[in-house]
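Below are the chains, spelled out letter by letter.
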Amino acid sequence: MPHENPDHRFARAAGKATRAFLDGHQREAERASADRAARAEAQARTERQAAERRQARAAATGSVAVRTARWWWAALAVVFALLTVSFAVGGDSRPEQYVLAAVTGVLAVATGTGAVQLWRGRRGAVGLLTAIAVIAGVPLAVRGQPLLIAFAVVLLAGAALLWLPAVRGRLR
């Protein structure tokens, strides 16, 4: 019978305890990692479902209003462009006419820019187009001429259309 040193028993017991500790620690780390992955997957699933609900709600409620706003402002940009051409080439060559052509040209470019932003779904389009409607619409409305009042109403109605929750909800 070989003679066994008592220190070897302690060393073996310490080695077994160390292995048991390391194995338990590794199992705990794997379980914690699996829990984190499951929580992350559940959170991602919840976020996807919420995004799908928002998209469905926006598609159901906002699509007509958004399309209307887009076409409304695109048409107004075309009207401003036509007015610019009309003032620039038509009638007398008076300085006032060229000033009107320049003003409507600036409005055409600004409205066109806002309409493009609106088509791209940018929230900044609301502020730009509302400013155009107020800056151009209010002076036209107080002129007292029926055609100018009608055009001012069209501009201001377009601005009101932009502030509908269905439209604002679709812009980023």
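The written sequence of each chain sets the order in which its residues are numbered from 1. For a predicted model such as this one, the threshold for reporting local features is a pLDDT of at least 70, and the threshold for listing and counting side-chain atom pairs is 80 or more; totals across whole chains, interfaces and linings nevertheless cover every residue. The side-chain quantities take in all heavy atoms of the structure and omit both hydrogens and water.

Moving on to the pattern of salt bridges. By definition here, a salt bridge exists when the distance from a side-chain nitrogen of Lys or Arg to a carboxyl oxygen of Asp or Glu is within 4 Å. Under the defined criterion, the tally for this structure stands at 3 salt bridges. With its nearest N and O atoms 2.4 Å apart, the salt bridge here joins R31 to E28. In this pair, R31 and E28 are both assigned in helix α1 (residues 6–89), 3 residues apart and thus about one turn of the helix distant. R31 gets classed as partly exposed once you look at its relative accessible area, which sits at 45%. Here R45 and E41 are joined by a salt bridge, their closest N and O atoms 4.0 Å apart. Here R45 pairs with E41, and both are found in helix α1, just 4 residues apart, close to one helical turn. When accessible area is computed with a 1.4 Å probe and restricted to protein chains, residues below 20% of their type maximum are described as buried, those above 50% as exposed, and intermediate ones as partly exposed. The class of R45 is partly exposed, set by a relative accessible area of 38%. A run of DSSP states H or I qualifies as a helix once it reaches four residues; a run of E qualifies as a strand once it reaches two. Both are numbered from the N-terminal end.

Turning our eyes to something else, we now look at the nonpolar core. Nonpolar core, defined: a set of buried Ala, Val, Leu, Ile, Met, Phe, Trp, Tyr and Cys residues in which side-chain atoms within 4.5 Å join the residues together. Within the largest apolar cluster, 23 residues are counted, with the highest numbers of intra-cluster contacts made by W73, F80, L118, L129, L155 and L162. Of all elements in the fold, only α1, α2 (95–119), α3 (124–141) and α4 (146–162) reach the threshold of two or more residues within this core. Leaving out residues up to four positions away in the same chain, L155 has contacts with W73, L76, F80, A133, A136, G137 and L140. By definition, residues are in contact when any of their heavy atoms lie within 4.5 Å.

Taking 1.5 Å as the rise per residue, α3 with 18 residues should run 26 Å; its terminal C-alpha atoms sit 25 Å apart, in good agreement. Buried within α3 we find A125, V126, L129, T130, I132, A133, A136 and G137. All buried residues of α3 fall inside an arc of 165° around its axis, so they share one side. To estimate how far a helix should extend, the number of its residues minus one is multiplied by 1.5 Å. Arc definition: it is the arc formed by the directions from the helix axis to the C-beta atoms.

Before going further, it helps to spend a moment on the packing of aromatic side chains. Note on aromatic contacts: the rings of Phe and Tyr and the six-membered ring of Trp form a pair at centre separations within 6.5 Å, being stacked when their planes are under 30 degrees apart, edge-to-face when over 60 apart, and tilted otherwise. Counted under the stated rule, the structure contains 2 aromatic pairs. Between W71 and W119, the aromatic rings sit 5.2 Å apart at their centres with planes inclined by 90°, giving edge-to-face as the arrangement. On the criterion of sequence distance, the pair formed by W71 in helix α1 and W119 in helix α2 is long-range, its members being 48 residues apart. Residue W71 is classed as exposed on the basis of its relative accessible area, which comes to 55%. Given the relative accessible area of 39%, W119 is considered partly exposed. Here F80 and F151 contribute two aromatic rings whose centre-to-centre distance is 5.5 Å and whose plane-to-plane angle is 85°, an arrangement assigned as edge-to-face. Taken together, the residues F80 in helix α1 and F151 in helix α4 connect sequence positions 71 residues apart.

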